[in-house]
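Now for the letters of each chain:
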Amino acid sequence: MSIGADIPRLDGAAKLLGTAAFVDDERIAGVLHGVTIRSPVARGRIRAIRFDPSIDWSQFTIVDHRDLPGPNQLRLIDVDMPVLAATEVRYKHEPIALIAHRSPRAVREALHAVHVDVDPLPPVFDPRTPLTPELIQYGADNVFKRIDIRKGDPAAVFASAAYVIEGEYVTGAQEHVYLETNGMLAFHADNRLVVRGSMQCPYYVLDALTHAFARPRDAFRVVQTPVGGGFGGKEDFPSLLAVHAALLAEKAGRPVKFVYDRQEDMAVTPKRHPARIRHRTAADRDGRLLAMEVSVLMDGGAYVTLSPVVLSRGTIHAAGPYRCEHIHIHGETRLTNSTPYGAFRGFGAPQTLFAIERHMDVIADRLGLDPAELRRRNLLKPGDTLATGQVFRDDTDLVALLDNALMHADYTKKKSEHAGFNAQHGYMRRGIGFACFQHGSGFTGAGETYLASEVWVEGLPDGRVEVQTAQTDMGQGTTTILAQIAADRLGVSTDAVCVAQPDTSRVPNSGPTVASRTAMVVGRLVEQACDDLAAQLGAFAAQGTASPGERIRDWHARRPGTTLRGRARYVKPDTIQWDEKHYRGDAYAGFAWAVHVAEVEVDLRTFATRVTDYVALQEIGRVVNPTLARGQVQGGVAQGIGWALYEKVALEDGAMKNAQMTNYIIPGCADLPPIRVFFDEQPSPYGPRGAKGIGELPIDGPAPAVINAVCRATRAVVREIPMTPEDLMELHSRQHGRH
Amino acid sequence: MRVLTPHCLSEALDLLAGDATLTPVAGGTDLLVSWPHRPKDNLSLLDLSRLHAELAPMRMTDGHLELGALTTYWDVITYAPIAGEFPLLIDAARQVGAIQIQTRGTWAGNVANASPAADGVPVMIAYDAEVVLGSRRGRRTVPLCDYYTGYKQTRRAADELILAIRLPRQRRDVHWFHKVGARQAQAITKVGVAVVHGEAGWRVVANSVAPFVCRCRNMEAALESGLHPTGPEELRAIVVRDISPIDDLRSTADYRLNVLARLLYFAPFMPGPANA
């Protein structure tokens, strides 16, 4: 019974002892150090790249767009982004050329001796900017993606509704601040270009290499080195860095390593999409939601990257976990000349869930209802449908989930205590707020069907089994839970299971490590591959008392030199139907559900907000490893509090200006409350032993829960995050007159 | 880059007399920020680490607390006699960086670096600290409140070294310090203020609100004259004449001014309705 057990992280000892070798720890003879020559402006035409003659450039390897063997395109969803800008640049710091040298210091100093002359073109920095022809850079109107989700006939309802409540909510960019910055190593070995580095998706990297080099897959080998945090920041970007390293290694005929320092990593890599969300809601006198119109506008940055799917997840989550028969959600992601925005934990959902959960509190105030009562009247019940028409079939009782979370937080008592405290204290204000939300596990819509993920489980000659997937462990515990799932299914101890290092030369493509899909989707495939392995061994029960390990050893003894491999490939369950064209149907095989409650204290001397208590209750199906699951929740809450109150990306010419940890503030331990984590377990039919996804859910709720609490404490109406003390002071002075 | 390591104070002063480009380095906690990006070709450092016997001692004499130039924040935090008479030194020291910085960073270095955000300086000015400077030409003392002449500009001549900081012992009945950073620890000050009342009267000293850490003399005068504010705006109108805050990456001028006024208004020593 290893599922549900607190198995210590399999990678824990190596990381504690410092023996885990991150890409920058890899020692390789004759390695060159690569750096990037970047655009000095947000948009323009490249006139010249000038190399200062004071430097002997013959000592350097130099690569530009002419060195690409294949098309100058980075293959992601689209191919609009060049690997190295050739004639035009679309964002500040866009890569134009690469140089490498034996000495990391010499190559860094040489950067100052390269000058890029660019004739500026007019940039767009705000996706709301009215378009004139010279600003158009993508399609007919700079729109990367449009999505409409329609249910019922909202327009007809608004005319007769007792209440119509409107609101606009704005969320900012966010930097991942993984501990390990981006790094990549490329070299030739065994007639292949080998790329090793920090990444979430080895097969995405492989696809990008095959495309840009116009070579078959077996010309490359992509290996994930231990990853010091990803949070989505290593989903799309490593493809670009891998092609850069490979181009230099190819031209130099020597190994090349790129390791960004913190400043470069913050300044040039993707961030969370900033979003602006408008709600218009019709409600009856009892507070029942009759109709919703939601419009979601995301800033995509300079190239498409993953924006269409971020928008997709964002719009699907935009109506929250509520019953409403008439909905129209319209979403757009538009180009700006900012650093391309990319994947970040939550992938569009934190933005739209912030909006709906703030808006629900605004509606409650308008109707004179307690925000908890408003939610109780509207939370989904079995048989209700979500915005896409997906039927809510879970056994989860969302009202009970809400009431349990409020009970753990002592909500009712705290509310009355705060009223007394706030009436007598000179400058401290206390409040309690919460958010109800969901997160879909796995790729959206038909995504998992297209991925057709494959997983292998191999019986080794020594009797152990090896789980072979492309799933990467970036600190979240993938390796450990996949071992637990296999051990559980095969009836062996987790010590008898090892998990292969993701390496495209020896693991199958089980899809990327993103989208809260590993536990549920890949975990289920691990179970199926175990079943296939067991079938090849023959039914265990029929062969007396021999253990699975003995049986595997016995199998090998009889067939020396052969491979014993159980396989599984994703097949869409018949119960899941999705219409991509109309955005109708089952958007996700399963949703995880949660209610988070935050208590805050606001100091009206400094307008600083401190979160003083936090309850996170979630229904994530079967919990595979309680300690790891709790860690995911606590980390997500910390990151969500950061997004709500501290982390402000200051942009200058569309690029991050405060690209240092002294000026981009993430909360530290002293800023965080006790984060009290509770699980409700309702097994899902689609995950291993009923597990669902958990990676992203915890960052969806903290921002609205905390900001709702701030609004209760101060009576300010906050519509925008991050909400720094400076922002709250401004709002306070606008709403209450001069300080 | 050049590093000179004298073995006694006299040698250090000789070196300084002979080379106006030398930068003294003690804890290195300011110098090493952005070290990889800092141009080093013309950097000449005077390493003070061998002068510990002459520059580190910290002592309480009849008249003064004297902090030798190599006294660290941690030395002060762990020196029991300070807690009673100069508690703000400990308050401030505990809010500098993290423990690693507190054990390396020195009070004299904080003075010498001349950052407007220096956390050690407001409390020392509030205690009427003097800077003892030494050179081949002799010794002199400069009141810390007059030490700065502009942004990163000080009265120290190129051949002078800070030898010690002296804080007079007095009867004092108000000691109050508040640092506002963007988070609880490991944060650079957005606005900070130290207030002391004693035999010498009121001292109100603010950091991160002007090109250098400064006394708020109009606020001090208002307190001397028995001010009785009815709201923070009243203090804002006074303190606005003492400071010149700016908008930067860390905060806004408006925030700095307002918060300084509000901190003072709600402070426990302030007469008025806030503490009624």
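The structure displayed is predicted, hence computed values, not measured ones. (Residues numbered from 1 in each chain as written. Chains lettered and ligands numbered in written order. Predicted model: local features only at pLDDT ≥ 70, side-chain atom pairs only at ≥ 80, totals over all residues. Heavy atoms only, no water.)

**Q** Describe in detail the side chain of Thr339 of chain A, supporting the description with residues and values.
**A** Here Thr339 of chain A lies in the loop between β15 (326-335) and α8 (349-367). When sequence neighbours within four positions are dropped, the list of residues in contact with Thr339 of chain A reads Tyr91, Lys92, Ala267, Val268, Thr269, Gly301, Ala302, Gly654 and Ala655 of chain A. (Helix = DSSP H or I, 4+ residues; strand = E, 2+ residues; numbered from the N terminus. Contact = heavy atoms within 4.5 Å.)

**Q** Could you give an account of the sheet that holds strand β8 (residues 163-171) of chain A, with specific residues and numbers?
**A** Residue and element names in this part refer to chain A. An order of β7-β15-β14-β13-β8-β28 is seen for the six strands of this open sheet, with the pairing classed as mixed. Every interior strand has two partners, whereas the edge strands, β7 (143-151) and β28 (720-721), have only one. Where strand β13 (residues 275-283) and strand β14 (residues 289-301) come together, nine bridges link them in antiparallel fashion. What sits directly across from Ala283, in β14, is Leu289. (Pairing = 2+ DSSP bridges.)

**Q** Would you mind going over the interface of chain A and chain B in detail, with residue names and values included?
**A** Counting from both sides, the interface comprises 28 residues of chain A and, opposite them, 23 residues of chain B. Interface area for chain A against chain B, summed over the two sides, is near 2300 Å², with a carbon-plus-sulfur share of 56%. Where chain A meets chain B, there are one salt bridge. For Lys190 of chain B, the salt bridge goes to Glu726 of chain A, with nearest N and O atoms at 3.1 Å. For the interface between chain A and chain B, the tally reads seven residue pairs in polar contact (both at pLDDT 80 or more). Residue classes in the side of chain A that touches chain B are distributed as 11 nonpolar, eight polar and nine charged. (Buried area = accessible area lost by both parts, 1.4 Å probe. Salt bridge = Lys/Arg side-chain N within 4 Å of Asp/Glu carboxyl O. Polar contact = N/O pair within 3.5 Å; in protein donor to acceptor, adjacent residues only side chain to side chain. Nonpolar A, V, L, I, M, F, W, Y, C, P; charged D, E, K, R; others polar.)

**Q** Residues and numbers for the sheet that holds strand β23 (residues 590-603) of chain A, please.
**A** Residue and element names in this part refer to chain A. Ordered by their spatial adjacency, four strands build an open sheet running β16-β23-β24-β27, and the pairing between neighbours is mixed. The open sheet has two free edges, formed respectively by β16 (428-441) and β27 (675-680), since each of these has just one partner strand. Neighbour to neighbour, the strand axes of the sheet diverge by 15° on average, direction disregarded. Note: β16 against β23, 14 bridges, orientation antiparallel. (Axes fitted to C-alpha atoms, helices over the stretch in contact; angles between N-to-C directions.)

**Q** Give a description of the domain arrangement of chain A that names residues and reports values.
**A** For an interface, size is often stated in terms of accessible area lost upon the parts coming together. All names here are of chain A. Parsing chain A into structural domains produces domain 1 (23-121 + 182-259), domain 2 (275-444 + 583-736) and domain 3 (447-569). Each of domain 1 and domain 2 has a C-alpha centre, and these two points are 37 Å apart. Opposite the 19 residues of domain 1 that make contact, domain 2 presents 21 residues. Summed over both sides, the interface between domain 1 and domain 2 buries roughly 1700 Å², with carbon and sulfur atoms accounting for 64% of that surface. It is Ile77, Arg90 and Phe231 in domain 1 that bury the most area against domain 2; as a group they hold 32% of the surface buried on that side. Counting across the interface, domain 1 meets domain 2 through one salt bridge. A salt bridge links Asp653 to Lys92; its shortest N-O distance comes to 3.8 Å. In this structure, the connection of domain 1 to domain 2 is made through five residue pairs in polar contact (both at pLDDT 80 or more). Grouping the constituent residues of the side of domain 1 that touches domain 2 by class yields eight nonpolar, three polar and eight charged. (Domains from an automatic or database assignment.)

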